[in-house]
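Structural features, examined
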Amino acid sequence: MISKREELTQRRQILILTSIALAVFIILILRIWYLQVLCSDQYKAKIKGSSQLTVRIPAVRGEIFDRNGIPLVTNRASFQVDLYLPDIVKAFKEKEGYVPVVAYRAFDHGMPVNKEEADIVQIVSSSIIPHLEKLGLAGDYNARKLQLQYRNNKEVPFSYRKDLDFETMARFCENNLDLPGVNVTLKPVRNYVYGALAAHLFGYVGLPTEIDLKQAGQFNFYEPDLVGKAQIELAYDKLLRGSPGQRILQRNAHGSIEKEEETIKPEQGANIYLTIDARIQYIAEQALRVVGRGAVVVLDPNNGDVLAMASVPSFDPNQFIPTISKKDWESLVHDETDPLTNRALSAYAPGSIFKLCTSFAGIRAGIGDREFTCTGGVQYGDKFMKCWVLTATPPLPPHGKLHLSDAIKKSCNAFFYQYGNAAGIDQIDAVGAMLGLGQKTGLPLNNEASGVLPGPAWLAANAPKEHWSPGYTANVSIGQGFVLTTPVQMALVGATVANGGIYYQPRLVNKVVAQDGTILEAEPTKIKNDFKKDGGFSDEQIQEVRLGMWKVVNEEGGTARKARLAKNIVAGKTGTAQFWRGHNKDNHAWFLGFAPYEHPKYVVIVLVQGAKSGGAVAAPLAAKVLEEVFAMDAGKEVKITSLGPAVGNFKHISSIDFKHGAPSSYGPDIEPGDSPIDDTPETSSSSNENVATPDIREESDARGHVKNKPQAPNGMRGLEKFFNFLGGGRSAAPKK
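I will try to describe carefully the structure that is included in this document. (Residues numbered from 1 in each chain as written. Predicted model: local features only at pLDDT ≥ 70, side-chain atom pairs only at ≥ 80, totals over all residues. Heavy atoms only, no water.)

Digging into the overall build of the chain
The following threshold applies: A run of H or I in DSSP becomes a helix once it reaches four residues, and a run of E becomes a strand once it reaches two; helices and strands are each numbered from the N terminus. The classification of residues rests on relative accessible area computed with a 1.4 Å probe and restricted to protein chains. Under 20% of the type maximum is buried, over 50% is exposed, and intermediate values are partly exposed. The contact criterion used throughout is that any non-hydrogen atoms of two residues lie within 4.5 Å. Accessible surface area values rest on a Shrake-Rupley calculation with a 1.4 Å probe, where residue burial reflects the displayed protein chains alone.
Tallying secondary structure elements over the chain gives 24 helices and 31 strands in all. The buried share of the chain, taken over its 736 residues, is 53%. The long-range share in the chain, meaning contacts at least 24 apart out of those at least 6 apart in sequence, stands at 75%. When the accessible area of the chain is evaluated, it comes to approximately 33000 Å², of which 52% is carbon and sulfur surface.

Below is the structure:
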């Protein structure tokens, strides 16, 4: 028998347990109500978010125009097949029940470790490629690159086939593959409208060398923007890029894409308007192609605008779009004629065109009106430095007594040896600095050489055991010795003489304009030095140098009579710097000129490597450019067409004559004494030392080889499915 007391105790325990159970039950009810009612919106959003996929759409680059609004660099549509690797792995696992793995060696906190990952090559080869092979749509690929991309950047789609022709793309659409992770996308890619025209100014674009992981983490799949790799494309990359967009896709419970919920379109970047006149650029490049290696620059002497900058040999930047093959890239970088080098920005011994700088140095030193005598050369120490008349074939009589303008006309080395030493190396360096020599011009182009403006301080820094002497000054005075200048630098020297003493900061970009027409940047005309205000030169002194350049072209005995034009008066200066390429003579021939003489509108400089002389080769080439440009000004139409790459060569050019069918003559010098050769062999400085590596298309390897290659397109029957297919198959897998 249970006592009354024990019975009461049991009832109390049952009541307590019942109360506890009831309390727990009430708490559970309240919790369910809280989650299902109060927090319903929050959890609905989470469910929706987990089923949404975001794909980054690359920004569209802005375009590049010439000064007159002629489009030079645009964008074109390109179709490519992308593989979304996580989605392919997910679909394979769902179907086969396992994921093949591959082992690899990696470093973790500096220590080597063994790791495993999905064998994406095997998965693609077994689940994707066979379907494409049956349709003749498969292509070889680089399996090693595919595996590395899965390991390091799986969020970035693997570009399986690029730049499909329209009919191949249509066949993809026609067969409506519906393969998980396989997507045909439409992307804008660069289009260099006129081929190789101005290639050294534009540069090229490619994928970034590193992916922004923080930005990539905001998307399920991240497609990076193309970035500028060189020249204008690089210098103005941030303004050209624009803003990316994104696609928001909805996935159902089975993992398939049901619909595209939203597309945020990318915004195009700003447009660049150059100072280049595409017509003058075309004229310069066409004329320059008669030589194997050289450069032409045309400037407006009244504001420093670059109207044309040409260099041969050249390349077609379209070859880099969307990628360049390894074979083609190696062909470019190993070509001994250096087609990637912009010779207009490379430094060479200027020869006698440097005598313009020496002329101003003497004027500044107060000896501009002094007379010096040419006896055939000048003795400095144990070396007799010859005037070019003694090196001509046959030798010519010495020039005798000369003043400055006639010394410029005859390009007398002996005069400038003495004149330069009388002025002093400090004056030459000071004037050279005022003319921008020995320093970069500031143009927005990479790999520009600064050149060399030597003097005692430079020699002490570069050859401490040597001591500056009058012989060094004599060499500098004629643009030899250690002197190196670029064609652009010397074009600016010519512009300063032409306009009466104003040194302008050169301009290559006129303005940057947003898509809504807002001007984001506008480069003003800038005066860097005024020879009259800052240097103390008078109009008469500057005119003395201008007169010497007029005599060079227009008086008998001048070295550039082949630069004459019938309707416009040209003034100029020739130069021929002796140069040896190994054991082969490879003289650098120059002509620097401007026209019309009274009211200069154009400055042109020509450099030709491997030529007889400035008077025989560079001067007539400059005359051809000026003649065509003036004809254009008079109303002649210049029809610009696409240009293929100019092919370089090492042929020795003895003369140029555009009046006949074959403008260039090759072989030994055929006009002895036509133009002076400065007889101190020197070296040149190439600007092609740090060429930016583009996106190189790696060749397929053994694991990436497919049996059935793409077949010839069979009609256009699938075009009606085109727009549906562009949305993708099962496009992507959500992140874990």
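Observations concerning a nonpolar patch on the surface
Spelled out, the test is: Like-charged residues within 9 Å of one another, or nonpolar side chains (Val, Leu, Ile, Met, Phe, Trp, Tyr) within 5 Å, are grouped into patches, provided each residue has over 30% relative accessible area and no salt bridge. Should a side-chain nitrogen of Lys or Arg be within 4 Å of a carboxyl oxygen of Asp or Glu, the pair is scored as a salt bridge.
Judged by side-chain polarity, I16, L17, I20, V24 and L28 come together as a nonpolar surface patch covering roughly 480 Å² of accessible area. Following the sequence through the fold, V24 ends up in helix α1 (residues 4-38). Residue V24 is classed as partly exposed on the basis of its relative accessible area of 43%.

What to know about the packing of aromatic side chains
Note the cut-off: Any Phe, Tyr or Trp ring, taking Trp's six-membered ring, that has another such ring centre within 6.5 Å forms a pair; planes under 30 degrees apart are called stacked, those over 60 apart edge-to-face, and the others tilted. Here, a charge over a ring is recorded when the distance from Lys NZ or Arg CZ to the ring centre is within 6 Å and its angle to the ring normal is within 35 degrees.
On inspection of all chains with the given rule, the structure shows 21 aromatic pairs. Three or more aromatic residues joined by ring pairs form one cluster here, namely Y204, F315, F320 and W329. Positioned above the aromatic ring of Y150 is the side chain of K154, whose terminal nitrogen or guanidinium carbon lies 4.3 Å from the ring centre. Lying across the ring of Y597, R546 places its NZ or CZ 4.6 Å from the centre.

Some details on unusual backbone geometry
Negative phi is the rule for most residues except glycine; trans is the rule for most peptide bonds. The omega angle of the peptide bond from I321 to P322 is -10°, so this bond is cis rather than trans. Here P322 is to be found in the loop between β14 (306-312) and β15 (324-325). That bond from A595 to P596 is cis: its omega, -15°, falls within 30 degrees of zero. If you trace the backbone, P596 turns up in the loop between β26 (588-595) and β27 (602-609). Of note in the backbone geometry, D163 takes a positive phi value of approximately 50° without being a glycine. Checked against the element boundaries, D163 lands in strand β6 (residues 158-164). Judged by relative accessible area, D163 falls into the partly exposed class, the value being 30%.

Focus on the nonpolar core
Going by this rule: For the purposes of this section, nonpolar cores are sets of buried Ala, Val, Leu, Ile, Met, Phe, Trp, Tyr and Cys residues that join through side-chain atoms within 4.5 Å.
Residues M309 and L621 are the most contacted members of the largest nonpolar core, which totals 149 residues. It is helix α23 (residues 614-633) that provides the largest number of residues to this core, a total of 12 residues. Not counting residues within four places of it along the chain, the set of residues in contact with M309 comprises L201, I276, Q281, V296, V297, N342, A344, L345, L443, L445 and V488.

Let's talk about the pairing of β26
Put simply, the rule reads: Any two strands are treated as partners once DSSP identifies two or more bridges connecting them.
Where burial is concerned, most of β26 is hidden: eight out of the eight residues are buried. Both faces of β26 are covered, namely the face carrying H588, W590, L592 and F594 and the face carrying A589, F591, G593 and A595. Relative to β26, strand β24 (residues 571-581) is paired through seven bridges, and the arrangement is antiparallel. Each bridged residue has a counterpart across the sheet, and for K573 the counterpart in β26 is L592. Here β26 runs beside β27; their pairing, made up of eight bridges, is antiparallel. By the bridge assignment, A595 is partnered in β27 with Y602. Between β26 and β27, which follow one another and run antiparallel, lie six residues.

A short note on the environment of R561
For R561, the location among the structural elements is in the loop between α22 (539-554) and β24. Separated by 54 residues in sequence, R561 and G615 have C-alpha atoms that sit 7.4 Å apart.

Quick look at the side chain of Q80
The following threshold applies: Whenever two N or O atoms come within 3.5 Å, that pair is a polar contact, provided that in protein one can donate a hydrogen and the other can accept it, and provided that, for residues adjacent in sequence, both atoms are side-chain atoms.
Within the secondary structure layout, Q80 lies in strand β3 (residues 71-83). At a separation of 2.7 Å, a polar atom in the side chain of Q80 contacts the side chain of D82. Within the structure, the side chain of Q80 is placed 3.0 Å from the side chain of S159, a separation counted as a polar contact. Once residues lying within four places of it in the same chain are set aside, the contact partners of Q80 are S159, R161, K162, D163, L164, N183, V184, T185 and K187.

Let's talk about helix α4 (residues 120-127)
The following threshold applies: Our arc is simply the arc of the directions from the helix axis toward the C-beta atoms.
Among all positions in α4, only I120, V121, I123, V124 and S127 are buried. Summarising the axial view, the buried residues of α4 lie within an arc of 165°, below the 170-degree limit, and thus occupy one face.

Here's the deal with the packing of helix α14 (residues 355-364) against helix α18 (residues 425-434)
Convention followed: The axes are straight lines fitted to the C-alpha atoms, using for helices just the contacting stretch, and the angles between their N-to-C directions are given from 0 to 180°. By convention, the crossing between two helices is left-handed when the near helix turns anticlockwise from the far helix through less than a right angle, and right-handed when the turn is clockwise. Each residue receives one of three labels: charged for Asp, Glu, Lys and Arg, nonpolar for Ala, Val, Leu, Ile, Met, Phe, Trp, Tyr, Cys and Pro, and polar for the others, Gly being one of them.
Contact geometry of α14 with α18 gives a least axis separation of 8 Å together with a crossing angle of 120°. Crossing of α14 over α18 shows right-handed handedness. Contacts from C357, T358, F360, A361 and R364 in α14 reach Q427, I428, A430, V431, G432 and M434 in α18. Of the residues that constitute the contact of α14 with α18, the class distribution is seven nonpolar, three polar and one charged.

What about the packing of helix α12 (residues 278-288) against α23?
Let me state the cut-off plainly: Small angles under 35 degrees read as roughly parallel and large ones over 145 as roughly antiparallel, with 65 to 115 read as roughly perpendicular and the rest as oblique.
Direction vectors running N to C along α12 and α23 enclose 150°, while the axes themselves pass 9 Å from each other. Classified by the angle between their axes, α12 and α23 sit roughly antiparallel to one another. Considering only the axes of α12 and α23, their crossing is right-handed. Listed contacts from α23 to R279, I280, I283, A284, A287 and L288 of α12 are L621, K624, V625, E628, V629 and M632. For the contact of α12 with α23, the residue count by class is nine nonpolar, no polar and three charged.

Description of the pattern of salt bridges
In this structure the tally under the stated criterion is 24 salt bridges. With a closest N to O distance of 2.8 Å, D163 and R76 form a salt bridge. Of this pair, D163 sits in strand β6 while R76 sits in strand β3, and the two are 87 residues apart along the sequence. According to the relative accessible area criterion, R76 is partly exposed, its value standing at 29%. For R241, the salt bridge goes to D237, with nearest N and O atoms at 2.7 Å. With R241 and D237 both in helix α11 (residues 237-241) and four residues apart, the pair spans about one turn of that helix. With a relative accessible area of 7%, D237 lands in the buried category. Through salt bridges with shared partners, a single network forms among R61, R190, E233, D237 and R241.

Concerning the state of the cysteines
Note the threshold: Any two cysteine sulfur atoms lying within 2.5 Å of each other are counted as a disulfide.
Applying the stated criterion across every chain, the model contains zero disulfides. The thiol sulfur of C374 is not disulfide-bonded, and the nearest other cysteine sulfur, from C412, lies at 3.7 Å. Judged by its relative accessible area of 3%, C374 is buried.

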